[in-house]
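# Structural description and commentary
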Amino acid sequence: MKLNLANPATGCQKMIDLEDDKKLGIFMEKRLAAEVEADALGDEFKGYVLKIMGGQDKQGFPMKQGVLTKDRVRLMLSKGEQCCRGYGMRKGERYRKSVRGCIIGHNISVLHCIIVKKGPEELPGLTDKSIPRRLGPKRASKLRKLFNLTKDGIPRRLGPKRASKLRKLFNLTDKSIPRRLGPKRASKLAASGGQCDSSQILQPLLVRPRHYRPHINNKVNSPNPHSHQILSTDLQDDVRKFVIRREVPSKEEGGKPRDSKAPKIQRLVTPVTLQRKRARMGIKKTRQIKAKVEAAEYAKMLAVRSKEAKEKKMDKIS
């Protein structure tokens, strides 16, 4: 059996081959989402606790949570359910899919686990290094959540979960992330691209302009007289100044980066979007008024014609 270990704290992943039945015994008869003490895997795993997240059998069929068996079964699954990606499926359509139960047996070939609790010793390739996230968030609400900005730009208190997320995103070595992250420090953090530790973030820093490029502007610490105009430190701060840019590598080996890219912010409310919304609402209101006027004219015309018909009928009778 192969054991695929992942460390969410560092972003590292490692595959281990297990052939000893004694080492495999700690996983047998366990279910998905169960936590297992990994002392039996070796001395380096002493004190580690692993959580079982999933697995595949020898034929490649995945394990499904909630199927309380070791065997393989065929279930009717719809699009979006676990073990059913649903490419090309229509709304309401279901397929009969083969899945393995959530109880671990000898038919499992690969088991996916994550490290829940770290032991005293370091595991090479898992806990001794950290891999930062390559891309940052795109959605405006997630950018505000990461840098603790409200919709009007006022910074909020930084909780432990968000602080750990910032450390993982920018590969920070120190854990002294400030409890309150203002626009200046957040801009410094975003412009650095993970090349600074949190001790530099804690210092009172100069604000870098939004169009700052580390490979173009070599004077990193030189004061910029226009920086306060581009990145204002008002409470009404713009979420677009907190977008995380990434450098585009050069085509030549060992060359300088060509440029840097930033994602287009999704669900961003700007004056243009508000103007377009007002235009849509204006067109909608105009249509409603027009429909009411036309309905009133039509009712008036019907009343006149019905009155004329009654008069003609009365003339014939008389």
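Overview of the structure. (Residues numbered from 1 in each chain as written. Predicted model: local features only at pLDDT ≥ 70, side-chain atom pairs only at ≥ 80, totals over all residues. Heavy atoms only, no water.)

## Notes on the pattern of salt bridges
What counts here: Salt bridge, as used here: a side-chain nitrogen of Lys or Arg that lies within 4 Å of a carboxyl oxygen of Asp or Glu. Numbered from the N terminus, helices here are DSSP runs of H or I no shorter than four residues, and strands are runs of E no shorter than two. Relative accessible area decides the class of each residue, using a 1.4 Å probe on protein chains only: under 20% of the type maximum gives buried, over 50% gives exposed, and in between gives partly exposed.
For the structure shown, the criterion picks out 4 salt bridges. Across the salt bridge formed by Glu29 and Lys70, the nearest N and O atoms sit 2.3 Å from each other. One end of the pair, Glu29, is in the loop between α1 (21–24) and β3 (35–37); the other, Lys70, is in the loop between β4 (49–57) and β5 (72–78), and 41 residues separate them in sequence. For Glu29, a relative accessible area of 51% corresponds to the exposed category. Residue classification places Lys70 among the partly exposed positions, given a relative accessible area of 34%. Across the salt bridge formed by Arg100 and Asp57, the nearest N and O atoms sit 3.0 Å from each other. Of this pair, Arg100 sits in strand β6 (residues 94–100) while Asp57 is found in strand β4, placing the two residues 43 residues apart along the sequence. A relative accessible area of 5% places Arg100 in the buried class. Take Asp57: its relative accessible area is 1%, and that puts it in the buried class.

## Quick look at the side chain of Ser260
So the rule is basically this: For this analysis, a polar contact is any N or O atom pair within 3.5 Å, provided that within protein one partner can donate a hydrogen and the other can accept it, and provided that sequence-adjacent residues contribute only side-chain to side-chain pairs.
Inspection of the secondary structure puts Ser260 in strand β9 (residues 259–261). By relative accessible area, which is 8% here, Ser260 ends up buried. Engagement of the side chain of Ser260 in a polar contact is seen with the side chain of Arg245, the distance being 3.2 Å.

## Things to note about the pairing of strand β7 (residues 108–117)
What counts is decided by this rule: Should DSSP find at least two bridges between two strands, the strands are regarded as paired.
Where strand β1 (residues 2–7) and β7 come together, 5 bridges link them in parallel fashion. Residue pairing across strands places Leu5 opposite Cys113, the latter belonging to β7. Of the pairings in the sheet, the one linking β4 to β7 comprises 8 bridges and is antiparallel in character. Its bridge partner being in β7, Gly55 is matched across the sheet by Leu111.

## What to know about the nonpolar core
Nonpolar side chains tend toward joint burial in soluble globular proteins. Going by this rule: Take the buried residues of types Ala, Val, Leu, Ile, Met, Phe, Trp, Tyr and Cys, join any two whose side-chain atoms come within 4.5 Å, and each joined set is a nonpolar core. Contact between two residues is taken to exist if any of their heavy atoms lie within 4.5 Å; hydrogens are not considered.
In this structure, Leu3, Phe27, Leu41, Leu50 and Leu111 are the most contacted members of the largest nonpolar core, which totals 27 residues. Among the secondary structure elements, those contributing two or more residues to this core are β1, β4 and β7. Of all the elements, β7 adds the most residues to this core, at 4 residues. For Leu41, the residues in contact, after removing those within four places along its chain, are Leu3, Leu18, Lys23, Ile26, Phe27 and Leu50. Within the second largest apolar cluster, 11 residues are counted, among which are Ala140, Leu149, Ile265 and Leu268.

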